[in-house]
Amino acid sequence: MNVKMSLIALGMSALFSAWLISGCDYDDPNGSGGDGDTDTDSDSDSDSDSDSDADGDSDTGPDPCADVVGCGGDPAGTWNVTAACLKVSGPVDMTPFGLGVTCNATVTGTLEVTGTWTADGTGAYVDATVTTGTETLELDAACKTLSGTVTTCSRLTAPLASVGYSSIDCQANEATDGCTCTAVIDQAGGIGMAPMVFVRAEGFFTTAENVLTVSAGEQEYTYCVAGNEMTLTPVSTGPSGTITGKVQLQKQ
């Protein structure tokens with residue numbers, strides 16, 4: 001009996017030693033390894049990363065809101081807007097609004113574009129697009145001083161609406177002592193540019209170095225024509241803030 005017990009103890013010791021040497025793996029009835037997982041890596045999907053596509057990243061195509069990489073081309077033709085993703089941000093030049101050089105303001109918002117844009121071989125164009133969207137403008141306390149007189153936020157509505165906003169509502173911002181203004185844009189012409197001091201429904205255009213210029217230089221776009229598709233990114237300054245993104249058009 002003592003010999004038998006000794007043999008059993010020796011066998012258990014050998015099994016325990018083999019278990020330690022093998023890295024503590026054991027047969028799990030719920031899976032194929034000691035970690036409770038049914039695949040060969042440390043996550044729960046069938047490949048070696050944590051996303052669901054085959055190339056290891058999570059994107060599904062080009063970013064529809066990325067700026068256009070200019071390639072130039074011939075913009076002649078009638079173009080239908082098929083999609084637009086434009087974002088507005090950054091500082092705004094308030095002098096065209098009549099609020100003076102000491103007024104500091106920033107804007108955030110999004111824009112959409114619909115309609116058609118037509119150009120011919122003579123350099124003439126007709127802009128039958130409509131740009132819509134909403135913006136929020138944050139004005140500092142200096143913006144409430146007009147000609148040496150301190151006014152209220154509600155009285156800033158008229159000068160702001162004069163350059164392209166279809167409606168605007170300004171309320172006092174107690175945290176900054178300035179104004180928070182919510183603006184609605186519904187602008188005919190000036191594809192993707194809003195607000196604009198001058199918007200022309202028709203005129204002439206030029207192209208150079210992947211830039212499309214319309215309305216005698218009042219509006220510029222980085223553009224690319226590829227087959228029957230054209231994409232535009234507005235080059236914005238001044239009262240528009242900084243516009244990023246693009247407008248996509250299809251040739252009729």
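Our structure is the block above this text.
Computed from a predicted structure; not experimentally measured.

J.: Just checking my understanding: could you explain the overall build of the chain for this structure?
T.: Counting its secondary structure elements, the chain contains two helices and 12 strands. When the helices and strands of the chain are read in sequence order from the N terminus, they spell out α-β-β-β-β-β-α-β-β-β-β-β-β-β. Put simply, the chain has 252 residues, and 36% of those count as buried. Across the chain, the fraction of contacts at a sequence separation of at least 24, relative to all contacts at a separation of at least 6, is 59%. With an accessible surface of roughly 14000 Å², the chain has 55% of that area assigned to carbon and sulfur atoms.

J.: It is not clear to me how the pattern of salt bridges should be interpreted in this structure. Could you clarify?
T.: Side chains that differ in sign of charge can pair as their charged atoms come close. Applying the stated criterion to the full structure yields two salt bridges. For lysine 144, the salt bridge identified is with aspartate 177, shortest N-O distance 3.5 Å. Separated by 33 residues along the polypeptide, lysine 144 in the loop between β3 (124–139) and β4 (145–146) and aspartate 177 in the loop between β6 (165–173) and β7 (178–188) bring together distant segments of the chain. Arginine 200 is the partner of glutamate 218 in a salt bridge, and the nearest nitrogen-oxygen pair spans 3.0 Å. Placement of glutamate 218 in the loop between β9 (211–214) and β10 (219–226) and of arginine 200 in the loop between β7 and β8 (202–208) is noted, with a sequence separation of 18 residues between them. For glutamate 218, a relative accessible area of 28% translates into the label partly exposed.

J.: Help me out: how do you make sense of the state of the cysteines in this one?
T.: Disulfides are covalent bonds that link the sulfur atoms of two cysteine residues. What the rule picks out here adds up to five disulfides. The disulfide bridge from cysteine 71 ends at cysteine 224, spanning 1.8 Å between sulfur atoms. Taking the sign of the S-S torsion, 90 degrees for the link of cysteine 71 and cysteine 224, the bridge is right-handed. Linking cysteine 71 in the loop between α1 (2–21) and β1 (77–91) with cysteine 224 in strand β10, this pair joins segments that are 153 residues apart in sequence.

J.: Explain the packing of aromatic side chains here, please?
T.: How two aromatic rings sit relative to each other is set out by the distance from centre to centre and by the angle between their planes. Taken as a whole and judged by the stated rule, the model has two aromatic pairs. Measuring from centroid to centroid gives 5.8 Å for tryptophan 117 and tyrosine 125, while their planes differ by 15 degrees, and the two rings are stacked. Taken as a pair, tryptophan 117 and tyrosine 125 share a single burial class, namely buried. In this structure an aromatic cluster arises from ring pairing among Trp117, Tyr125 and Phe205.

J.: What's the story with the environment of glycine 109 in this structure? I'm lost.
T.: Inspection of the secondary structure assignment puts glycine 109 in strand β2 (residues 105–119). With 132 residues separating them in the primary sequence, glycine 109 and glycine 241 have C-alpha atoms 9.9 Å apart. Apart from residues no more than four positions distant in its own chain, glycine 109 is found in contact with Leu86, Lys87, Val88, Thr134 and Glu135.

J.: Before we go on, may I ask you to explain the pairing of β8 in this structure?
T.: For a regular strand, side-chain orientation follows a simple rule: the groups alternate between the two sheet faces. Bridge count for β3 against β8 is three bridges, and the pairing is antiparallel. For valine 126, the partnering residue across the bridge sits in β8 and is glutamate 202. Where β8 and β9 come together, four bridges link them in antiparallel fashion. Considered in β9, the bridge of phenylalanine 205 is made with valine 214. The turn joining β8 and β9, which pair antiparallel and follow one another in sequence, is formed by two residues; a positive phi near 50 degrees is taken by glutamate 209.

J.: For this particular structure, what's the right way to read the nonpolar core?
T.: Generally speaking, a soluble globular protein has its nonpolar side chains buried in company with each other. Core analysis: the largest hydrophobic core is formed by 46 residues, its most contacted members being Met94, Trp117, Leu139, Leu160, Ile191 and Leu249. Take this core: its biggest share by element is six residues, from β2. Every residue in contact with leucine 139, bar those within four places of it in the chain, is listed here: Met94, Leu99, Asn104, Ala105, Leu156, Thr176, Gly178, Cys179 and Cys181.

Criteria and cut-off values
- Residues numbered from 1 in each chain as written.
- Predicted model: local features only at pLDDT ≥ 70, side-chain atom pairs only at ≥ 80, totals over all residues.
- Heavy atoms only, no water.
- Helix = DSSP H or I, 4+ residues; strand = E, 2+ residues; numbered from the N terminus.
- Buried < 20%, exposed > 50% of the residue type's maximum accessible area, 1.4 Å probe, protein only.
- Contact = heavy atoms within 4.5 Å.
- Areas by Shrake-Rupley, 256 points an atom, 1.4 Å probe, with all protein chains shown as cover.
- Salt bridge = Lys/Arg side-chain N within 4 Å of Asp/Glu carboxyl O.
- Disulfide = S-S within 2.5 Å.
- Phe/Tyr/Trp six-rings, centres within 6.5 Å; stacked < 30°, edge-to-face > 60°.
- Pairing = 2+ DSSP bridges.
- Core = buried A, V, L, I, M, F, W, Y, C linked by side-chain atoms within 4.5 Å.

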